[in-house]
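Structure assessment
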Amino acid sequence: MSNPLLTPPPTDLPPIPFEDLVSKAAAAFPPDLAPTGPEILIALDVDGTLLTVDGASKIIVDTVERLQRAGVHVVIATGRGIGATLPVLKEVGIHDGWVVASNGALILKIEDGKHTVVHSRYFDPAPIIDQVVKVYPDALIAVEDDTFRYRLSRQFPPNELIEEWDLDDMEGLKSKPVTKLVVRIPGMDRDFFAAEMAKLDLSSVTPAVGWTSWMDVNAADTTKASGLEWLRRELGVPENGTMSIGDGTNDMAMLQWAHHSVAMWGAIDEVRACANALTGPVEYDGAGAVMEALLRRK
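Calculation notes
- Residues numbered from 1 in each chain as written.
- Predicted model: local features only at pLDDT ≥ 70, side-chain atom pairs only at ≥ 80, totals over all residues.
- Heavy atoms only, no water.
- Helix = DSSP H or I, 4+ residues; strand = E, 2+ residues; numbered from the N terminus.
- Polar contact = N/O pair within 3.5 Å; in protein donor to acceptor, adjacent residues only side chain to side chain.
- Contact = heavy atoms within 4.5 Å.
- Phe/Tyr/Trp six-rings, centres within 6.5 Å; stacked < 30°, edge-to-face > 60°.
- Buried < 20%, exposed > 50% of the residue type's maximum accessible area, 1.4 Å probe, protein only.
- Lys NZ or Arg CZ within 6 Å of the ring centre and 35° of its normal.
- Pairing = 2+ DSSP bridges.
- Axes fitted to C-alpha atoms, helices over the stretch in contact; angles between N-to-C directions.
- Core = buried A, V, L, I, M, F, W, Y, C linked by side-chain atoms within 4.5 Å.

1. A look at the side chain of Thr-78
As for its position among the elements, Thr-78 is in the loop between β2 (73–77) and α3 (82–92). Polar contacts involving the side chain of Thr-78 include one to the main-chain amide nitrogen of Arg-80, which spans 2.9 Å. With near-sequence residues (within four places) excluded, Thr-78 lies in contact with Val-46, Thr-85, Val-100, Ala-101, Ser-102, Asn-103 and Lys-224.

What follows is the structure, given as structure tokens:
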């Protein structure tokens, strides 16, 4: 279900009792957090937050279901495209609601398991592709457009892409606006890759480097936070009813946006600094503990 490129390395922490994580999560809630129910929107990252490489645990599925029954807006907020997000909804038990996908470029309304795109953000990928291939002509390029499939310059290594894809030439990749561009250089050190990408002129777009030599690129000012703010206004949720849980660099804006935000243990320091609180690693159901604490509030 998951993808190791999207998921942090396994934790080296000794086991943490789930009830300890619940107590810690409850103690971190701000006193002015809106009551648990329709005034709460909780945004949940997927890989490394809800899912391990083995999928979602029983605790995650149970807490998501109970929050929905309580009227809470449980929103999946992910860098994944539509094709890779829809199976997650089935796995965690979301049949109706909302999704912020492709790092905020797409907002989906889910009704009876079926999706409708209600909001989207596109950009011209050509200037970024030209910059990348000039310096690294062998870089792998992928774009996601209105077909909601990837089009690739060359095939990615096995099991790296979750979405369906087709091959295209470089001119084809640059030919029309896209919701997301992916740059991947297999074998390159992640920090070196991030430093190399930082040398490019990315001022017209929103980049995010993942756990390895992989960079997502979206339209300017397009993040999970921008998508969630659009949705918050659409749903009429108060600002003090917003929560988020995440672990990646593409979660940083979302963590800063929420009234109460929680970073997963596996997050790097840069991501942790954007959150109000820290929970246990995904292997110990850290996100499930936050959701359980939200359910137990009086």
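Right, picking up where we left off after that structure.
2. Some points on the packing of aromatic side chains
Applying the stated rule across the entire model yields one aromatic pair. Summarising the aromatic geometry, the rings of Phe-156 and Trp-214 are spaced 5.9 Å apart at their centres and angled 70° between planes, so their arrangement reads as edge-to-face. Here Phe-156 is found in the loop between β7 (150–152) and β8 (165–167), whereas its partner Trp-214 is found in strand β11 (residues 214–219), with 58 residues between them in sequence. Residue Phe-156 shares its accessibility class with Trp-214, and that shared class is buried. Lying over the aromatic face of Trp-265, Arg-272 brings its terminal NZ or CZ to 4.8 Å of the ring centre. The residue whose ring lies beneath Arg-297 is Phe-29, and the NZ or CZ to ring-centre distance is 5.8 Å.

3. Some thoughts on the sheet that holds strand β10 (residues 205–209)
The strand order across the open sheet built from six strands is β8-β7-β6-β9-β11-β10, with neighbouring strands paired in mixed fashion. Because the sheet does not close on itself, it has two edges, and the strands there are β8 and β10. Within this sheet the neighbouring strands show an average axis-to-axis angle of 20°, counted without direction. Relative to β11, β10 runs antiparallel, the two being bridged by five bridges. For Pro-207, the partnering residue across the bridge sits in β11 and is Val-217.

4. Some points on the environment of Arg-190
Looking at the element boundaries, Arg-190 is found in helix α6 (residues 190–198). Sequence separation between Arg-190 and Val-271 is 81 residues, and the spatial gap between their C-alpha atoms is 16 Å. Sequence-distant contacts of Arg-190, that is, excluding residues within four places in its chain, are made with Val-209, Gly-210, Trp-211, Thr-212, Ser-213 and Thr-249.

5. Thoughts on the pairing of β11
Extensive coverage of β11 is indicated by the burial of six of its six residues. In this structure, strand β9 (residues 180–184) lies alongside β11, joined through four bridges in antiparallel fashion. Its bridge partner being in β11, Val-183 is matched across the sheet by Met-215. From the end of β10 to the start of β11, which pair antiparallel, there are four residues.

6. Remarks on the nonpolar core
Counting residues in each nonpolar core, the largest one holds 42 residues, and the members touching the most others are Ile-42, Leu-44, Leu-50, Val-74, Ile-245, Met-291 and Leu-294. Looking at which element gives the most residues to this core, the answer is helix α10 (residues 286–296), with six residues. Setting aside residues no more than four positions away along its own chain, Ile-42 makes contact with Leu-67, Val-72, His-73, Val-74, Val-75, Met-243, Ile-245, Met-291 and Leu-294. Formed by 23 residues, the second largest nonpolar core is a distinct cluster that contains Ile-128, Val-143, Leu-181 and Leu-202.

7. What to know about the sheet that holds strand β13 (residues 260–263)
Sheet strands line up and pair through hydrogen bonds in the backbone, either parallel or antiparallel. A sheet is described by the order of its strands in space; here eight strands give the open sequence β5-β4-β3-β2-β1-β12-β13-β14, paired in mixed fashion. Sheet topology places β5 (114–120) and β14 (277–278) at the edges, where each strand pairs with a single neighbour. Pairing analysis gives two bridges linking β13 to β14, with the strands arranged parallel. Paired with Val-262 across the bridge in β14 is Ala-277. Contacts between α10 and the sheet are confined to β1 (41–44), β12 (242–246) and β13, with β12 contributing the most and set at about 160° to the helix.

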